[in-house]
Amino acid sequence: MMNKWDIPGAPAEKPTHNAITEKLKTDLLTLNMGPQHPATHGVLRVEIKTDSEVVAAAIPHLGYLHRCMEKHCENLDYRGVIPFVDRLDYLASMSMEWTYVAAVEKMLGTEVPRRAELLRILTVELQRIASHLMAFGTYALDLGAFSPFLYAFDEREKILRLFEEISGARLLYNYIWIGGVWNDWTDEQLTRVSEFLDAFEPETDKYHDLVSVNKIFVERTAHVGVLSVEDCFAYGATGPVLRGSGYKWDLRKNMPYSLYSEFDFDVPVGTAEHGELGDCWNRYIVRMLEVKESIKIIRQVLQKLEPGSVMGKVPKIIKLPKGEVYMRQECPRGELGIHLVSEGTDSKEPYRLKVKSPCFTHVSMLPHMAPGQMVADFVASIGSIDIVLGEVDR
Amino acid sequence: MLNELVSKINSAVSGANASLLTPEDSKLESSILVDAKKIHAVAEFLKKSKIMNALQAISGVDYVEFIEVVYIFGNFDIANPGQLLLKARITDRVNGNIDTISDLFPAADYQERECFDMLGITFNNHPDHRRILCPDDWEGFPLRKDYVAAKNYNGMEVFPEGKMNMADREFIVRQEMIKKAQEAQSGKVQ
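Overview of the structure.

A closer look at the overall build of chain B
Line of reasoning, step 1. Of regular secondary structure, chain B possesses four helices and nine strands.
Line of reasoning, step 2. Mapped in sequence order, the helices and strands of chain B form the string α-β-β-α-β-β-β-β-α-β-β-β-α.
Line of reasoning, step 3. Relative to the globule expectation of 16 Å for 190 residues, the C-alpha radius of gyration of chain B, 23 Å, shows a markedly less compact shape.
Line of reasoning, step 4. Expressed as lengths along the three principal axes of its C-alpha atoms, the size of chain B is roughly 70 × 50 × 35 Å.
Line of reasoning, step 5. For chain B, the residues scored as buried account for 42% of the 190 residues in total.

Details of the packing of aromatic side chains
All names here are of chain A.
Line of reasoning, step 1. One pass over the full model with this rule turns up 24 aromatic pairs over all chains.
Line of reasoning, step 2. Aromatic side chains Phe 196 and Phe 200 sit 5.3 Å apart centroid to centroid with 10° between the ring planes, which places their arrangement in the stacked category. One end of the pair is Phe 196 and the other is Phe 200, both in helix α7 (residues 187–212) and four residues apart, which spans about a single turn.
Line of reasoning, step 3. We classify Phe 200 as buried; its relative accessible area is 0%.
Line of reasoning, step 4. Members of the aromatic cluster, joined through ring pairs, are Trp 98, Tyr 257, Tyr 260, Phe 263 and Phe 265.
Line of reasoning, step 5. One Lys or Arg, Lys 304, reaches over the ring of Phe 263 and ends 5.1 Å from the middle of that ring.

Description of the packing of helix α5 (residues 114–142) of chain A against helix α6 (residues 147–167) of chain A
Residue and element names in this part refer to chain A.
Line of reasoning, step 1. Here α5 crosses α6 at 155°, and the two axes come no closer than 9 Å. Considering the angle they form, α5 stands roughly antiparallel to α6. Once α5 is placed against α6, the crossing between them reads as left-handed. Packed against α5, whose contacting residues are Thr 123, Leu 126, Gln 127, Ile 129, Ala 130, Leu 133, Met 134, Phe 136, Gly 137, Thr 138, Ala 140 and Leu 141, the element α6 presents Pro 148, Phe 149, Ala 152, Phe 153, Glu 155, Arg 156, Ile 159, Phe 163 and Ile 166 at the interface.
Line of reasoning, step 2. Across the contact of α5 with α6, the residue classes tally to 15 nonpolar, four polar and two charged.

Side note on the interface of chain A and chain B
Line of reasoning, step 1. If you look at the interface, chain A gives 46 residues, while chain B gives 46 residues.
Line of reasoning, step 2. Note on chain A versus chain B: buried area summed over both sides is about 3700 Å², and carbon and sulfur give 58% of it.
Line of reasoning, step 3. The largest per-residue losses of area from chain A upon contact with chain B belong to A:Glu324, A:Tyr326 and A:Tyr351, which jointly make up 17% of the total buried on that side.
Line of reasoning, step 4. The interface formed by chain A and chain B contains five salt bridges.
Line of reasoning, step 5. In this structure, the salt-bridge partner of B:Lys87 is A:Glu324, at a minimum N-O distance of 2.2 Å.
Line of reasoning, step 6. For the pair chain A and chain B, the number of links is 20 residue pairs in polar contact (both at pLDDT 80 or more).

Observations regarding helix α15 (residues 375–385) of chain A
All names here are of chain A.
Line of reasoning, step 1. Most of α15 sits out of view: nine of its 11 residues are buried.
Line of reasoning, step 2. Three or more residues of α15 are buried, namely Val 375, Phe 378, Val 379, Ala 380, Ser 381, Ile 382, Gly 383, Ser 384 and Ile 385.
Line of reasoning, step 3. After α15 finishes, the residue Asp 386 shows a positive phi value of roughly 55°.

Points about the nonpolar core
Line of reasoning, step 1. With 160 residues, the main nonpolar core has A:Tyr100, A:Trp185, A:Leu340, A:Phe378, B:Tyr71 and B:Phe73 as its most contacted residues.
Line of reasoning, step 2. At 12 residues, α5(A) tops the list of elements feeding residues into this core.
Line of reasoning, step 3. The contact partners of A:Leu340, leaving out residues within four places of it in the chain, are A:Tyr78, A:Tyr100, A:Ala103, A:Val104, A:Met107, A:Leu320, A:Gly323, A:Glu324, A:Val325, A:Pro350, A:Arg352 and A:Leu353.
Line of reasoning, step 4. Membership of the second largest hydrophobic core comes to 10 residues, among which are A:Val341, A:Tyr351, B:Ala57 and B:Phe66.

Some points on the sheet that holds strand β1 (residues 29–33) of chain A
All names here are of chain A.
Line of reasoning, step 1. One open sheet holds the three strands; their spatial order is β1-β2-β3, and the pairing between them is antiparallel. Looking along the sheet, the strands with just one partner apiece sit at the ends: β1 and β3 (54–61). Neighbour-to-neighbour, the strand axes of the sheet open up by a mean angle of 25°, direction not taken into account.
Line of reasoning, step 2. One ladder, built from seven bridges, connects strand β2 (residues 45–51) with β3; its direction is antiparallel. Within β3, the position partnered with Arg 45 by the bridge is His 61.
Line of reasoning, step 3. α15 contacts β1, β2 and β3 of the sheet and is inclined by roughly 150° relative to β2.

A few points about the packing of α5(A) against α7(A)
Residue and element names in this part refer to chain A.
Line of reasoning, step 1. Where α5 meets α7, the axes come as close as 13 Å, and the angle between the chain directions of the two elements is 30°. By the criterion of interaxial angle, the relationship of α5 to α7 is roughly parallel. Crossing of α5 over α7 shows left-handed handedness. When α5 is examined against α7, the residues Arg 115, Leu 122, Leu 126, Ile 129, Leu 133 and Phe 136 are found in contact with a partner set consisting of Leu 190, Val 193, Phe 196, Phe 200, Tyr 207 and Val 211.
Line of reasoning, step 2. Partitioning the contact of α5 with α7 into residue classes produces 11 nonpolar, no polar and one charged.

Quick notes on the rules
- Here the residue index of a chain counts from 1 through its sequence in written order.
- Throughout, the order in which chains and ligands are written sets their labels, letters from A for the former and numbers from 1 for the latter.
- For a predicted model such as this one, the threshold for reporting local features is a pLDDT of at least 70, and the threshold for listing and counting side-chain atom pairs is 80 or more; totals across whole chains, interfaces and linings nevertheless cover every residue.
- With hydrogens and water stripped out, all remaining heavy atoms of the structure feed into the side-chain values.
- Secondary structure elements follow DSSP: runs of H or I no shorter than four residues count as helices, runs of E no shorter than two count as strands, and numbering proceeds from the N terminus.
- The atom set for the radius of gyration is the C-alpha atoms, and the globule formula is 2.2 Å times the number of residues raised to the power 0.38.
- Exposure categories follow from relative accessible area, calculated using a 1.4 Å probe and restricted to protein chains: below 20% of the type maximum is buried, above 50% is exposed, and the middle band is partly exposed.
- Side-chain rings of Phe, Tyr and Trp (the six-membered ring for Trp) are treated as a pair once their centres are within 6.5 Å; stacked means planes under 30 degrees apart, edge-to-face means over 60, and tilted covers the remaining angles.
- Sitting over a ring, as applied to charges here, requires NZ of Lys or CZ of Arg to be within 6 Å of the ring centre and within 35 degrees of the ring normal.
- Note on method: axes are straight lines fitted to C-alpha atoms, helices fitted across the in-contact stretch only, with angles between N-to-C directions ranging 0 to 180 degrees.
- Should an angle fall under 35 degrees it is taken as roughly parallel, and over 145 as roughly antiparallel, whereas 65 to 115 is taken as roughly perpendicular and any remaining angle as oblique.
- Here a crossing is called left-handed whenever its near helix is offset anticlockwise from the far helix by less than a right angle, and right-handed whenever the offset is clockwise.
- Residue contacts are defined here by distance: any two heavy atoms, one from each residue, within 4.5 Å place the two residues in contact.
- Here the nonpolar group is Ala, Val, Leu, Ile, Met, Phe, Trp, Tyr, Cys and Pro; Asp, Glu, Lys and Arg are the charged ones; every other residue, Gly included, is treated as polar.
- Using a 1.4 Å probe, buried area is obtained as the accessible area two parts lose upon being combined, added over both of them.
- Here, a salt bridge means any Lys or Arg side-chain nitrogen found within 4 Å of an Asp or Glu carboxyl oxygen.
- Polar contacts, as used here, are pairs of N or O atoms within 3.5 Å; protein pairs need one atom able to donate a hydrogen and one able to accept it. Residues neighboring in sequence count only if both atoms are side-chain atoms.
- As used in this record, nonpolar core signifies buried Ala, Val, Leu, Ile, Met, Phe, Trp, Tyr and Cys residues forming a set joined through side-chain atoms within 4.5 Å.
- For two strands to pair, DSSP has to find at least two bridges joining them.

This is how it looks when you write it as structure tokens:
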């Protein structure tokens, strides 16, 4: 505790009168943020100990959205699990589906047709844009700017409408299936994707002018919640959090899966244009730059697409060989890992399905980030790691 | 490559008894099994020798004869990216315990708490050994294969008869009746 009598201008002799010292007794105040706090992006409860405005400690309490997803999956057949993994990160369902499906395909040894792989990349990159738009909108909302939220939702809506056309759902798609994708895109829909990109690309510059270099926004986020690269490795952080600290790591580039090695794109890292590497502003700017890279990838997909089948040869009843795989893919919020264990070909169900969720990892960094921050900066820190509680609690 | 790592672990950590587990199907992942008592030393070796620089997840699998704790490491080195599945087996289902590695990899803190919550493995010397996803007063460990769902929780009945969604059940019963009728009909035709 800080000794209040060490400040300049205080009486030279410290009073020893009992009544005064008793009044000056300081204690930490326990404050519960959540589970229904708008700044926690869902049902996260963070118990914070505050010393006046300064956070001394933060203890996240998880589990308010725990739906025993891993237990449920042990009683479902391999195809039946897909709608359940949808509900992990409900803002990036396509990425969740693809990681799970890729794990099953790796065990099964299925060959996926080229058009299906390209369509998967197309949908996942569109999903990444939608997810980052949501992150952008809600982050600005956390910091008190309302209008960016409306801009972001306007554009996100256009992507969701496209997804609704191809899969029938706006949020939880069940679109990427084992062996391929459920539905082919028509040429007319693909034209609309490229029209959307043409209209959307200038919009992103508008967001930069509106938010990224906004003086109030920069003041709120620069030099706040700094995480070094060593911290990121210690806590196993991935995705925009790791890249915001200035480490150029992206699974799509460093351990390429699917057809990503054919594509030409950059891996944006924190620019330190404002603030320093690893602070909230740099984590934010990585997401905004990634949107542009996704646009680049989608344009290349549209050029590469050729007519063909969208579903490979998959047995009617899927039975996997005895063993396990661990599949990692780059999702909007970081690396999702699926540890899938099969008991052998007698069983139609997964023996064990463990989801390594990037958001769960990032929540575990909050107690490390919090001490010494102002309460308002702590809100900025929670927003900058961009968590979705569906994925944290599973 | 994993073979070399096995011999490296065996020479660096005495009593680790590292062995390579290879699946019958070559598509699947190989892993390294080590002695549960030496897990801290092995993790320390992996970190100090810079073979793996980050812990990604700790997964647990209940194989009934033993419970397997799977440490999933990742190497986030741009020149030499990779991942490793390191396993330790625990045979004691009642007092099963293993040393924590959260002092080496802070990421293990929450992952070990989840492993305890779901499979009931105690992590010795863990700084904050509590349940994480289930409520603190939850009984049993849900991801064990012998787990039986409780009938009561805090005095509340789980799945009370009167509040079950009977429409679902009626639907299933009707489907069964239709199926039986169809079978009977097709039997007559033959």
